[in-house]
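Single-letter residue listing:
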Amino acid sequence: MHGLSIEGLSHIFLLLKTRASILNTVSKQAKLRLLIIGAIEAAIVIFCLVVSILVIVTITDVNLPDHQQMNLDNNGPLIGWFQNHSTGFFLIIVLPLFVILAIDVIYLIVYATRRESSLSDAERKAIEAQAREEARAEVLREMQEESKKE
């Protein structure tokens, strides 16, 4: 076997079937709204990450005299201001990243708990039984191949 257990195979199959049913049930308007929100969110995240990388990489050594003015002269007003004002940097750049992450996690949890599986218990048991049989057949095949090699 390739690192997947019987339960893992059944969970993967169940997940794929559930995702397919979710995508079929979401209306076009909801898909468009989620796409727009995702694009705006991606733009904000990319902007914040690029600015934070620039702030960290281009900061002037604090031991140099007049390092704050050097930050502004060398890196421009925006990056220099963020380098000189760490609280502003945190509130404007870092905090929105954490807020977006928290909102995404909460949305995922709410959506996952609200959405019930479209499979009945009998269908789940049938899928698990089929996955077990397939895994057993694969194990038997591998054992027979190993015994032929020896």
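This report concerns the structure included in the present document. Not measured: the values here are computed from a predicted model.

Comments concerning the pattern of salt bridges
Point 1. A full pass over the atoms with the stated rule returns two salt bridges.
Point 2. Among the salt bridges present, the one from Glu 128 reaches Arg 132, with a minimum N-O distance of 3.7 Å. Pair noted here: Glu 128 and Arg 132 are both in helix H5 (residues 121-149), with a separation of four residues, about one helical turn.
Point 3. Where Glu 133 meets Arg 136, a salt bridge forms, and the shortest distance between an N and an O atom there is 3.1 Å. With Glu 133 and Arg 136 both in helix H5 and three residues apart, this pair spans about one turn of that helix.
Point 4. Using a relative accessible area of 49% as the deciding quantity, one classes Glu 133 as partly exposed.
Point 5. Take Arg 136: its relative accessible area is 46%, and that puts it in the partly exposed class.

Topic: the packing of helix H3 (residues 67-84) against helix H4 (residues 86-114)
Point 1. At a minimum axis separation of 5 Å, H3 and H4 run at an interaxial angle of 115 degrees. Between H3 and H4, the angle is such that the two are roughly perpendicular. Two secondary-structure elements touch here, H3 through Trp 81, Phe 82 and Asn 84 and H4 through Ser 86, Gly 88, Phe 89, Ile 92 and Ile 93.
Point 2. Of the residues contributing to the contact of H3 with H4, the split by class is five nonpolar, three polar and no charged.

Considerations on the packing of aromatic side chains
Point 1. Throughout the structure, instances matching the rule amount to two aromatic pairs.
Point 2. A centroid spacing of 5.5 Å and a plane angle of 65 degrees characterise the contact between Trp 81 and Phe 82, whose relative ring orientation is edge-to-face.
Point 3. Taken together, Trp 81, Phe 82 and Phe 89 form an aromatic cluster joined through their ring pairs.

What about the nonpolar core?
Point 1. With seven residues, the main nonpolar core is built from Cys 48, Val 51, Val 55, Ile 79, Phe 82, Phe 89 and Ile 93.
Point 2. With three residues, helix H2 (residues 28-57) is the single largest residue contributor to this core.
Point 3. Ignoring anything within four residues of it in the chain, the contact list for Val 51 reads Ile 79, Phe 82 and Ile 93.

Criteria and cut-off values
- Residues numbered from 1 in each chain as written.
- Predicted model: local features only at pLDDT ≥ 70, side-chain atom pairs only at ≥ 80, totals over all residues.
- Heavy atoms only, no water.
- Salt bridge = Lys/Arg side-chain N within 4 Å of Asp/Glu carboxyl O.
- Helix = DSSP H or I, 4+ residues; strand = E, 2+ residues; numbered from the N terminus.
- Buried < 20%, exposed > 50% of the residue type's maximum accessible area, 1.4 Å probe, protein only.
- Axes fitted to C-alpha atoms, helices over the stretch in contact; angles between N-to-C directions.
- Parallel < 35°, antiparallel > 145°, perpendicular 65-115°, else oblique.
- Contact = heavy atoms within 4.5 Å.
- Nonpolar A, V, L, I, M, F, W, Y, C, P; charged D, E, K, R; others polar.
- Phe/Tyr/Trp six-rings, centres within 6.5 Å; stacked < 30°, edge-to-face > 60°.
- Core = buried A, V, L, I, M, F, W, Y, C linked by side-chain atoms within 4.5 Å.

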